[in-house]
Amino acid sequence: MKGRKQVIVEQDIPCTLRDGTTLYANIYRPEKFGTFPVLLTRLPYNKNLPDFSHRYIDPLRLARAGYVVIIQDVRGRFTSEGVFKPFIQEREDGYDAVEWAASLPYSNGEVGMFGLSYYGFTQIYAAAEQPPSLKAMAPAMTGNDLRDGLVYRGGAFELGLFATWMIDSVAPDMLMRNGKDDKQDKLPDIYDYLDHINEWLTYTPLRKWPPLRNLPEVRDVFLRFAKPALTDDIFTQTSYKKELATINIPAFHIAGWYDCFLGTTIENYTEMSKSDADQKLIIGPWGHGEFDSLQGEVTFGSSGSGSWIDRKGDIMDLHIEWFNKWMNPAKESGKTFDSTVSIFIMGINQWRYENEWPLARTQFTPFYFHGDGSGSTGRLSTQPPGVQEETDTYIYNPNNPVPTVGGGTLFYQGLNAGAHDQREVEQRGDVLTYTTPILEKSLEVTGPIKVVLWASTDVKDTDFTAKLVDVYPDGTAINLTDGIIRARYREGPIELPDLQGERVRYEVDLWATSNVYLPGHAIRVEISSSNFPRYDVNLNTGLSGIDSTDREQATQTIYHDQDYPSHIVLPIIPG
């Protein structure tokens, strides 16, 4: 097309690391003569597959905007040399890759990084090493500690996410690289496992999980992370949570209300905001790597789509404008996404622009649980409980866990993610519900959310789950956000002693949401002890399903009286 900016594409360009290992990258750059700022992403998903490697980013469009774009296979993946050791390898490798990119003959010496999920991790790992050429980042939907949203959450193993990631995303290339004669025979097995993943997730012990039985290389990586001790070196060595405040690099953090990394992406923003560098945050009604306005069973309107954010621009515009600000200021427009915090408010399906997170005007308000002992007609109100109120009791049977219905999940082919009607699971005897009266006026809930739960159990160890729900006038019950806590990890990664029969205070972190409850709607909280297969089933024995098959039923008691006031803390935004 006449006048269209041309792009040079180069494949398999080598980058030699400090230990002599060579990584390979594809490079997209402007055809015209000169030097340009570089945008780098490092990923384990094959640089040659646009649908998986580039996802929401078009490297040709970035190159036409005046950037050299580099998409690199990390160590031990696809074209790159070495052995893949997830996460632990990315600090020094990231530093070396940034400085290599800065030294290329068509680079002006300034490097930015972009990417989501694992290639959000690779950005922050590199930034923690403080390479002098790294000038800006755009980490999307990513974490900071494998014990908080990827491998574990609240002490519970993220079974559905991690098992799917290993079999779907990690295993095929790992199998093809091992040089065995039977590798072509094993690939069909992997895809068969994926087609029946929900059936395989019920298997215990996971150490002998059939999908891994004939894949020793994958099994070793899987078990290295899926071990029950959260204090193991693999977790402390791969965490950069404590370093975030020292990373003095501008970053635009991209999150989704239904993303499996919502909490950690927000935490990355809040912690990095303690540095002197500019930080921005945008949270849309999105799932992991999915920027559509349709999430699960709910459509959030055209402005909720990543392709037309508030009718101002798309995700690519956001990136171009952000990197122009720090690396190409002559082209900066400053008109598209100029606020510090951009949040999509569900319920009214509108964007709003703020100066901080949480919002300064937030009124953190406890809504207390009330009940008559039946468990199915619990009430939720701002009125504190009386001196004596009946407890609620239910039986948690690990042989019949509550099924996962929506949420910030990441399963094979995106199944069962996002906003879904919860009425079917709410009919179960092991799910307690606490609901406000029907609202007469709109009520906005925007910000971090937690449940304070007073409970006891008659087993050695167990789980408690909590879910925030929007109940529509027709009874439809749409999930907004949820969380889990494993009893023995209720105060952190160090295991606590058995608590059989004790009344214990639990805090269940539901991360955050932004939703306006409209007139005629009601606020509901669900309490239970399982969410499977999103999380592994707690066997109630104090032992892990990695090694054990023994399991016991648990009798769970929820307290809500003056001395033990179970409640949810909602961030209310005054109208």
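Residues numbered from 1 in each chain as written. Predicted model: local features only at pLDDT ≥ 70, side-chain atom pairs only at ≥ 80, totals over all residues. Heavy atoms only, no water.

In the nomenclature of an unreviewed UniProt entry, the protein chain is known as CocE/NonD family hydrolase of Pontibacillus yanchengensis.

Draft legend 1. Expanded view of the nonpolar core. Of all hydrophobic cores here, the largest spans 165 residues; its most connected members are Ile70, Phe222, Trp257, Val451, Leu468, Ile527 and Ile568. Considering each element in turn, this core owes the most residues, eleven residues, to helix α5 (residues 159-177). (Core = buried A, V, L, I, M, F, W, Y, C linked by side-chain atoms within 4.5 Å. Buried < 20%, exposed > 50% of the residue type's maximum accessible area, 1.4 Å probe, protein only. Helix = DSSP H or I, 4+ residues; strand = E, 2+ residues; numbered from the N terminus.)

Draft legend 2. Expanded view of the pattern of salt bridges. Tallied over the entire structure, the rule returns 33 salt bridges. Note that Arg61 and Asp317 form a salt bridge whose closest N and O atoms lie 2.9 Å from each other. One end of the pair, Arg61, is in helix α2 (residues 59-64); the other, Asp317, is in helix α12 (residues 315-327), with 256 residues separating them in the sequence. On the accessibility criterion, Arg61 (28% relative accessible area) is partly exposed. Among the ionic contacts, a cluster of salt bridges with common partners joins Arg352, Glu354, Arg361 and Glu444. (Salt bridge = Lys/Arg side-chain N within 4 Å of Asp/Glu carboxyl O.)

Draft legend 3. Spatial organisation of the sheet that holds strand β6 (residues 134-140). The strand order β1-β2-β4-β3-β5-β6-β9-β10-β13-β14 describes an open sheet built from ten strands, whose pairing is mixed. Each having just a single partner strand, β1 (7-16) and β14 (350-354) make up the two edges of the open sheet. Neighbouring strand axes in the sheet, compared pairwise and without regard to direction, differ in orientation by 20° on average. As paired elements, strand β13 (residues 341-345) and β14 share five bridges and run antiparallel to each other. (Pairing = 2+ DSSP bridges. Axes fitted to C-alpha atoms, helices over the stretch in contact; angles between N-to-C directions.)

Draft legend 4. Representation of the side chain of Gln72 within the structure. Structurally, Gln72 can be placed in strand β4 (residues 68-73). Judged by relative accessible area, Gln72 falls into the buried class, the value being 0%. Reaching out from Gln72, the side chain makes a polar contact with the side chain of Arg42 at a distance of 2.7 Å. Beyond its immediate stretch of four places on either side in the chain, Gln72 contacts Cys15, Leu23, Tyr24, Ala25, Leu40, Thr41, Arg42, Leu43, Ala97 and Trp100. (Polar contact = N/O pair within 3.5 Å; in protein donor to acceptor, adjacent residues only side chain to side chain. Contact = heavy atoms within 4.5 Å.)

Draft legend 5. Here's a closer look at unusual backbone geometry. In this model, Thr204 is joined to Pro205 through a cis peptide bond whose omega is -5°. The residue Pro205 is located in the loop between α7 (197-200) and α8 (210-213) in this model. Backbone torsion omega between Trp357 and Pro358 reads -5°, so that peptide bond is classified as cis. Tracing the chain through its elements places Pro358 in the loop between β14 and β15 (363-370). Here the phi dihedral of Arg311 falls at roughly 60°; this positive angle occurs in a residue that is not glycine. Relative to the helices and strands, Arg311 is located in the loop between β12 (298-299) and α12.

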